[in-house]
Amino acid sequence: MDKNFKETSKSGGIIWLFQRLSAVVLFVLLMAHYVTYHFIGHGVVKYVDIIEKMKAPWFNLIQFLFLLTALYHGINGIWMVAEDYMKKKGTRIFVFSVLVMLGVILMFVGMLTIFKAGAKL
Amino acid sequence: MSKEKRVIKILRYDPANDKKPHWVDYTGEYDSDSTILDVLNEIHWKIDGSLAYRRSCRSAICGSCAMKVNGQNILACETPIHKFKGKIKIEPLPGFSIIKDLVVDMDLFFEKLKKVKPYLIVDKPLPDKEFTQSPEEFEHIRESVTCILCGACTSSCPSLWGNEDYLGPAALLRAYRFIFDTRDDGANDRMDIVNDKNGIWRCHTIFNCMEACPKDIKITEYLSRLKVKIVENSI
């Protein structure tokens with residue numbers, strides 16, 4: 001069918017669906033993050049308390065999933081909006097590559113923090 | 001009825017003489033219940049006959065007189081001037097190119113509307129009498145059929161300002177209206193058309209269209225239902 005559009009792709013639906021699903025997961029993990037970081041403890045939360053918690057694999061697993069979902073949701077959101085303004089294929093590939101690289105770098109730095117911090121003690 | 005002095009600022013543009021649009025002030029005494037269209041008529045008939053604007057039914061049903069007043073997209077014929085305090089700034093609908101003064105080029109708007117096949121497609125044998133729907137079935141499309149195609153929603157959409165190829169809320173709402181019509185058989189065809197980078201997925205649920213709609217149609221909500229149906233259909 002001739003749509004007479006400059007770009008044709010069916011990928012929009014999957015991106016939209018994953019953005020909604022990641023938003024729901026993100027909400028649950030955000031609550032878990034707040035509760036485990038800020039509300040479980042005795043009085044003022046100190047640096048050592050957090051580092052102590054980071055030794056536990058379940059705690060790190062929640063933080064890892066939180067990091068993964070937040071990065072996916074954020075970068076996918078920027079990409080969805082950026083698509084409004086980009087028509088040239090070259091520009092789209094460049095911006096997409098920058099966003100993926102940014103995601104990988106932030107993921108790496110985040111993982112270092114999560115898995116190395118607890119091991120220091 | 002009390003008359004009050006009001007300053008009306010109109011964004012004027014005549015492509016034959018002006019390099020770019022510019023504001024022109026008109027001061028007059030108007031009844032507080034006068035509509036924006038009454039004021040424009042007054043200016044056009046008594047002060048400056050060169051002022052160009054669209055008008056037709058005066059009953060908020062033809063959709064001709066949509067324009068931007070004090071930052072809001074409205075229908076001039078149904079909006080009283082007492083709704084606005086201070087100066088009244090009247091501009092053409094944003095997002096469309098200006099033909100002259102308040103008259104904008106709606107060609108692309110109607111071309112996009114045609115793309116979604118805005119008519120009933122029936123493959124099954126026609127009934128002897130009229131097509132019937134239950135009240136529950138009609139409820140799905142009850143609001144969306146009241147769209148008058150004034151363009152206020154499409155013109156208020158930031159996604160459209162950034163990408164003129166985007167179908168826009170009015171065309172997508174019309175697609176919704178037929179896709180969710182139980183009498184229609186063209187749903188798959190239409191969903192294939194709107195399931196596109198420049199179709200439904202450029203809608204980022206900004207809600208501007210809903211705020212702009214003079215018929216108070218919950219456009220964003222219906223477009224979200226359409227997204228869900230398309231995803232369900234493609235899984």
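On a predicted model such as this, the values are computed, not experimentally measured, just so you know.

Okay, the packing of aromatic side chains next. Tallied over the full model, the rule gives eight aromatic pairs over all chains. Relative to A:F115, the ring of A:F64 has its centre 6.1 Å away and its plane inclined at 50°; by these criteria the two rings are tilted. Of this pair, A:F64 sits in helix α3 (residues 57–82) while A:F115 sits in helix α4 (residues 89–117); the two residues are 51 residues apart in sequence, bridging distant segments of the chain. Using a relative accessible area of 42% as the deciding quantity, one classes A:F115 as partly exposed. Between B:F96 and B:F109, the aromatic rings sit 6.1 Å apart at their centres with planes inclined by 85°, giving edge-to-face as the arrangement. Of this pair, B:F96 sits in the loop between β5 (88–91) and β6 (98–100) while B:F109 sits in helix α2 (residues 107–115); the two residues are 13 residues apart in sequence, bridging distant segments of the chain. In this structure B:F96 comes out as buried when scored by relative accessible area, which is 13%.

We now examine the confidence of the model for chain A. Residue and element names in this part refer to chain A. Of the residues in chain A, 86% reach a pLDDT of 70 or more, and the chain-wide mean stands at 83. Mean pLDDT across the secondary structure elements of chain A bottoms out at helix α2 (residues 47–53), with 80, and peaks at α4, with 92. Contacts for the low-pLDDT stretch residues 1–8, under 50 throughout, to residues beyond four places or in other chains number 26 contacts.

What follows is about a nonpolar patch on the surface. All names here are of chain A. On the surface, a cluster of nonpolar side chains totalling about 700 Å² of accessible area is made up of F27, V28, M31, Y34, V35, F39 and I40. In this structure, F27 sits in helix α1 (residues 11–39). The exposure class assigned to F27 is exposed, which follows from its relative accessible area of 53%.

Residues and elements named next belong to chain A. The end-to-end C-alpha distance of α4, which contains 29 residues, comes to 42 Å, matching closely the 42 Å that a straight helix rising 1.5 Å per residue would cover. By the burial criterion, the buried members of α4 are R92, L99, G103, M107, G110, I114 and A117. Residues of α4 that are buried in the fold lie against α2 and α3.

Residues and elements named next belong to chain B. An order of β2-β1-β5-β3-β4 is seen for the five strands of this open sheet, with the pairing classed as mixed. Every interior strand has two partners, whereas the edge strands, β2 (22–31) and β4 (72–75), have only one. Neighbour-to-neighbour, the strand axes of the sheet open up by a mean angle of 35°, direction not taken into account. Strand direction decides the pairing type here: strand β1 (residues 3–12) and β5, joined by three bridges, are parallel. Among the inter-strand pairings, I8 is bridged to a residue of β5, identified as I88. Along the sheet face, helix α1 (residues 36–47) touches β1, β2, β3 (66–69), β4 and β5 and points at about 105° away from the line of β2.

Another point: the packing of helix α6 (residues 169–179) of chain B against helix α9 (residues 219–234) of chain B. All names here are of chain B. Direction vectors running N to C along α6 and α9 enclose 60°, while the axes themselves pass 10 Å from each other. Relative to α9, the element α6 is oriented oblique. For the pair α6 and α9, the sense of crossing is left-handed. Facing P169, L172, L173, Y176 and I179 of α6, the residues of α9 in contact are I219, Y222, L223, R225, L226 and K229. Here the residues of the contact of α6 with α9 are counted per class, giving nine nonpolar, no polar and two charged.

So, about the side chain of B:S34. Residues and elements named next belong to chain B. With respect to the helices and strands, S34 occurs in the loop between β2 and α1. We classify S34 as buried; its relative accessible area is 11%. Leave out the neighbours within four places in its chain, and S34 touches T79, P80 and I81.

We now examine the layout of surface pockets. Roughly 240 Å³ of volume is contained in the largest pocket. In this structure, the largest pocket is lined by A:L68, A:L71, A:Y72, A:I75, A:N76, A:W79, A:F96, A:L99, A:V100, A:G103, A:V104 and A:M107. Breaking the lining of the largest pocket down by element, the ones donating at least two residues are α3 and α4 of chain A. Roughly 190 Å³ of internal volume is contained in the second largest pocket. Together, B:K68, B:G71, B:Q72, B:N73, B:P94, B:S156, B:W161, B:N208, B:E211 and B:A212 line the second largest pocket. The biggest single contributor to the lining of the second largest pocket is helix α8 (residues 208–212) of chain B, with three residues. The residue makeup of the lining of the second largest pocket, split by class, is three nonpolar, five polar and two charged. A domain split of the lining of the second largest pocket shows at least three residues from each of domain 1 (3–104) and domain 2 (107–234) of chain B.

Rules used in this analysis
Residues numbered from 1 in each chain as written. Chains lettered and ligands numbered in written order. Predicted model: local features only at pLDDT ≥ 70, side-chain atom pairs only at ≥ 80, totals over all residues. Heavy atoms only, no water. Phe/Tyr/Trp six-rings, centres within 6.5 Å; stacked < 30°, edge-to-face > 60°. Helix = DSSP H or I, 4+ residues; strand = E, 2+ residues; numbered from the N terminus. Buried < 20%, exposed > 50% of the residue type's maximum accessible area, 1.4 Å probe, protein only. pLDDT = per-residue confidence, 0-100. Contact = heavy atoms within 4.5 Å. Patch = residues over 30% accessible without salt bridge, like charges linked within 9 Å, V, L, I, M, F, W, Y side chains within 5 Å. Areas by Shrake-Rupley, 256 points an atom, 1.4 Å probe, with all protein chains shown as cover. Salt bridge = Lys/Arg side-chain N within 4 Å of Asp/Glu carboxyl O. Expected span 1.5 Å × (residues − 1). Pairing = 2+ DSSP bridges. Axes fitted to C-alpha atoms, helices over the stretch in contact; angles between N-to-C directions. Parallel < 35°, antiparallel > 145°, perpendicular 65-115°, else oblique. Left-handed = near helix turned anticlockwise from the far one by under 90°. Nonpolar A, V, L, I, M, F, W, Y, C, P; charged D, E, K, R; others polar. 1 Å grid on protein atoms, 1.4 Å probe; cavity = no way out; pocket = protein on both sides within 12 Å on 5 of 7 lines; lining within 4 Å. Points joined across faces, edges and corners; volume = space filled by probe spheres on them. Domains from an automatic or database assignment.

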